[in-house]
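Chain by chain, the residues:
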Amino acid sequence: MVAGGFTMASSLELLIRDSSYDQLISAVTTCVLPAGANLIQITEGCVCLKVQVDSVSTLDVLWQLYRDGTLKARLQALFVTDEMRGLARGEEVEVIVTIDEHEYEKTRNKLASEAQGD
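Residues numbered from 1 in each chain as written. Predicted model: local features only at pLDDT ≥ 70, side-chain atom pairs only at ≥ 80, totals over all residues. Heavy atoms only, no water.

In the annotation of an unreviewed UniProt entry, the entry for the protein chain reads TRADD-like N-terminal domain-containing protein, and the organism field reads Porites evermanni.

The helix and strand tally for the protein chain stands at six helices and four strands. Listed N to C, the secondary structure of the protein chain is β-α-α-β-β-α-α-α-β-α in terms of helices and strands. Out of the 118 residues belonging to the protein chain, those deemed buried represent 31%. When contacts within the protein chain are restricted to residue pairs at least 6 apart in sequence, those whose partners lie at least 24 apart make up 66%. Element-wise, carbon and sulfur atoms account for 47% of the exposed surface of the protein chain, whose accessible area totals about 7,000 Å². (Helix = DSSP H or I, 4+ residues; strand = E, 2+ residues; numbered from the N terminus. Buried < 20%, exposed > 50% of the residue type's maximum accessible area, 1.4 Å probe, protein only. Contact = heavy atoms within 4.5 Å. Areas by Shrake-Rupley, 256 points an atom, 1.4 Å probe, with all protein chains shown as cover.)

Attention now goes to the packing of helix α3 (residues 56-67) against helix α4 (residues 70-79). Following both chains from N to C, one finds α3 and α4 inclined at 75°, their axes separated by 4 Å at the closest point. Judged by the inter-axis angle, α3 sits roughly perpendicular to α4. Judged by residue contacts, Leu62, Leu65 and Tyr66 of α3 engage Thr70, Leu71 and Arg74 from α4. (Axes fitted to C-alpha atoms, helices over the stretch in contact; angles between N-to-C directions. Parallel < 35°, antiparallel > 145°, perpendicular 65-115°, else oblique.)

Another aspect to go through is the pattern of salt bridges. On inspection of all chains with the given rule, the structure shows three salt bridges. Between Glu94 and Lys72 there is a salt bridge, and its shortest N-O distance comes to 2.4 Å. Of this pair, Glu94 sits in the loop between α5 (82-87) and β4 (97-98) while Lys72 is found in helix α4, placing the two residues 22 residues apart along the sequence. Accessibility expressed as a relative area gives 41% for Glu94, which makes it partly exposed. Given a relative accessible area of 30%, Lys72 falls into the partly exposed group. (Salt bridge = Lys/Arg side-chain N within 4 Å of Asp/Glu carboxyl O.)

We now examine the nonpolar core. Counting 26 residues, the largest nonpolar core has Val28, Leu33, Leu39, Val51, Val53, Leu71 and Leu75 as the members making the most contacts within it. The set of elements that each furnish at least two residues to this core consists of α2 (21-31), β2 (37-43), β3 (47-53), α3, α4 and α6 (101-117). Of all the elements, α3 adds the most residues to this core, at five residues. (Core = buried A, V, L, I, M, F, W, Y, C linked by side-chain atoms within 4.5 Å.)

Further remarks concern the packing of aromatic side chains. With the rule as written, the count across this model stands at two aromatic pairs. Consider the rings of Trp63 and Tyr66, whose centres lie 5.3 Å apart with planes at 40°: the pair is tilted. Of this pair, Trp63 and Tyr66 both sit in helix α3, three residues apart, which is roughly one turn of the helix. Overall, the relative accessible area of 10% leaves Trp63 in the buried class. The interplanar angle of 10° and the centroid separation of 4.3 Å between the aromatic rings of Trp63 and Tyr104 together place this pair among those described as stacked. Residue Trp63 is found in helix α3, and its partner Tyr104 is found in helix α6; the two are separated by 41 residues along the sequence. For the residue pair Trp63 and Tyr104, the accessibility class agrees, reading buried in each case. Here a set of aromatic residues connected by ring pairs shows up, and it is made of Trp63, Tyr66 and Tyr104. (Phe/Tyr/Trp six-rings, centres within 6.5 Å; stacked < 30°, edge-to-face > 60°.)

This is how it looks when you write it as structure tokens:
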């Protein structure tokens, strides 16, 4: 399996204050990612979610969700809570999602090669 990542600008402390790490991973995996994709790591700072996919089709679905804005909308709905909006004191809180196209293509090629080798 191949893993790729995308970043989301926010503070991890705010995100997990009322949730456990495992609950956060479960929420992202079930509410945000397509079937066949698993969240395998979250790092602090600018939050980086490391996602593992098991097939080219899953990767393509994830890429399409990213390209059409659905991935951002799902992450926005999950992470931008009323508490976070309150802490922003009227400022807009926006999730920024980035998946590098070169990384997507490299991962897609590797998955396709692995599938042909089976």
